[in-house]
Amino acid sequence: MTPPHTPTRSVNPEKTDEFRLPSFFSVSGTCRRALTGARPAGSGAACCAAGPFGGRTRARRRSCPAPAGNMSAGRPFLACACFFSDNIFVGRYGLHVRYRDEAQLRREHGRALRERGCRSEEAFGAALREIEAEVQRRKQWIHQSVERKAIISECYKRKHPEVYILQDSFLAPGFLEIVRYCTSPDAHLHGLLHFLESFSDKRIYRLPVFTEEFCQAFVNELENFEQSDMPKGRPNTMNNYGDPTPVPKYIEIEHVGTQGLLHRGGQVHGALPIASGERWNLIIWMRSSAIRNQLCPMCNKKPELVEAEGFGDGFTETLEDDVPETVNLCSLW
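Here goes a summary of the coordinates provided. (Residues numbered from 1 in each chain as written. Predicted model: local features only at pLDDT ≥ 70, side-chain atom pairs only at ≥ 80, totals over all residues. Heavy atoms only, no water.)

**Quick word on the packing of helix α2 (residues 102–115) against helix α3 (residues 121–155)**
If you want to describe how two helices pack, look at the angle between their axes and the distance between the axes.
Next up, step 1: Axis separation between α2 and α3 bottoms out at 12 Å; the angle between their running directions is 115°. Relative to α3, the crossing made by α2 is right-handed. Here α2 contributes Glu 102, Leu 105, Arg 106 and Leu 113 to the contact with α3, which in turn contributes Glu 121, Phe 124, Leu 128 and Ile 131.
Next up, step 2: Considered class by class, the residues forming the contact of α2 with α3 number five nonpolar, no polar and three charged. (Axes fitted to C-alpha atoms, helices over the stretch in contact; angles between N-to-C directions. Helix = DSSP H or I, 4+ residues; strand = E, 2+ residues; numbered from the N terminus. Left-handed = near helix turned anticlockwise from the far one by under 90°. Contact = heavy atoms within 4.5 Å. Nonpolar A, V, L, I, M, F, W, Y, C, P; charged D, E, K, R; others polar.)

Rendered as structure tokens:
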């Protein structure tokens, strides 16, 4: 039941690769998250842990991959080619599109664009330039990420060096109790649920993760980095959902300091504006390459594998005689 250390594409890998933490959590202030819906199995599960911090209303979002060196049987991780063509957000029209070329864009998305106000050739040209700029950004993302990471590794001065390697002392007693139970011979799913707070029937759970002392030190380190002159990556347009149709019914859940929310990674979710304080989210994805190799959660097809830097998107070229035994957590409850 211990979370597998398989990472996701990070919105800021050049920074967060510095934090050698396992797959889990999110740190936040007084805030709310709305979660609902579902996507294909194989999209993994996500968890976050929260901490209450004072200050002005300001939001940060960070995603941390698992420790380096976690290759699947020595084989490199790969990405799906759809990363360069699918789920491209056209901000001015609140629409996600798939892009191969101009003719395909007109054929598949022309009507939706016109319904949202894109009714002239000039407007379509502007939208096309926005889309092509995002495609180019994605193509350059890996190389720029590697360059930023090299600069940070060489030049950044850490404020709290101790937070870069996970220690048991960082973890809440309740979390360690869950670990002890999950590693016991009599552990089972229903027994585990007694340690968690459940919400509705949406498979959303709250659990203790960190100590308050660790959260404070970790946020201080992040603030130190933000205030430095180091290069910083920012989220991509895949984090913008636009207007889903039909509009789903949301469940609002309050974050609790030092505690985490666990939910399916494919579950549609978002963050509402905070009422006070400051929000820092540390989001970790737990994935199985063996499950993900069967279906790409982004294009909903068998992945078209391409080379990637580091952990890529967690895909691997699995040999037929070397498929590991896995448990699809999303099918357990």
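**Remarks on the environment of Ala 290**
Next up, step 1: Checked against the element boundaries, Ala 290 lands in helix α7 (residues 289–292).
Next up, step 2: Placed 24 residues apart in sequence, Ala 290 and Gly 314 show a C-alpha to C-alpha distance of 9.3 Å.

**Overview of the pattern of salt bridges**
Two side chains that carry opposite charge are able to pair once their charged atoms sit near each other.
Next up, step 1: According to the stated counting rule, one finds nine salt bridges in the structure shown.
Next up, step 2: Overlapping salt bridges, with partners in common, bring together Glu 102, Arg 106 and Glu 121 in one network. (Salt bridge = Lys/Arg side-chain N within 4 Å of Asp/Glu carboxyl O.)

**Considering helix α4 (residues 173–182)**
Next up, step 1: Within α4, the full set of buried residues consists of Phe 175, Ile 178, Tyr 181 and Cys 182. For α4, the buried positions fall inside an angular range of 120° around the axis, keeping them on one side. Projecting away from the buried face of α4 at angles above 90 degrees are the exposed residues Pro 173 and Arg 180.
Next up, step 2: Looking at the packing, one finds that the buried side of α4 touches α5 (189–193) and β8 (204–208). (Buried < 20%, exposed > 50% of the residue type's maximum accessible area, 1.4 Å probe, protein only. Arc of directions from axis to C-beta.)

**Observations concerning the side chain of Gln 104**
Next up, step 1: Within the fold, Gln 104 resides in helix α2.
Next up, step 2: Looking at Gln 104, its side chain comes within polar contact range of the main-chain oxygen of Arg 98, at 2.8 Å.
Next up, step 3: With near-sequence residues (within four places) excluded, Gln 104 lies in contact with Arg 98, Tyr 99 and His 109. (Polar contact = N/O pair within 3.5 Å; in protein donor to acceptor, adjacent residues only side chain to side chain.)

**Notes on the packing of aromatic side chains**
Next up, step 1: Per the counting criterion, the structure on display carries eight aromatic pairs.
Next up, step 2: Considering the side-chain rings of Tyr 156 and Phe 225, the 5.2 Å spacing of their centres and the 70° angle between planes classify their relative orientation as edge-to-face. Taken as a pair, Tyr 156 in the loop between α3 and α4 and Phe 225 in helix α6 (residues 212–227) lie far apart in primary sequence, 69 residues in all. For the pair Tyr 156 and Phe 225, a shared accessibility class is recorded, and that class is buried.
Next up, step 3: An angle of 45° between the planes, with centres 4.6 Å apart, marks the rings of Phe 210 and Phe 214 as tilted. Of the two residues, Phe 210 and Phe 214, both sit in the buried class.
Next up, step 4: Following the ring pairs from residue to residue traces out a cluster consisting of Phe 170, Phe 210, Phe 214 and Phe 218. (Phe/Tyr/Trp six-rings, centres within 6.5 Å; stacked < 30°, edge-to-face > 60°.)

**As for the pairing of strand β10 (residues 259–264)**
Next up, step 1: The buried count for β10 comes to five of six residues, which makes it a mostly enclosed element.
Next up, step 2: Both β8 and β10 contribute to a ladder of four bridges, which runs antiparallel. Of the residues in β10, the one forming a bridge with Leu 207 is Gly 260. (Pairing = 2+ DSSP bridges.)

**Points about α3**
Next up, step 1: Across its 35 residues, α3 extends 48 Å between first and last C-alpha, which sits within 8% of the 51 Å expected from 1.5 Å per residue.
Next up, step 2: Its maximal kink placed at Trp 141, α3 deviates by approximately 45°. (Expected span 1.5 Å × (residues − 1). Bend = angle between axes of the 7 residues up to and from the residue.)

Take it as geometry only, folks, not as evidence of what the structure does.
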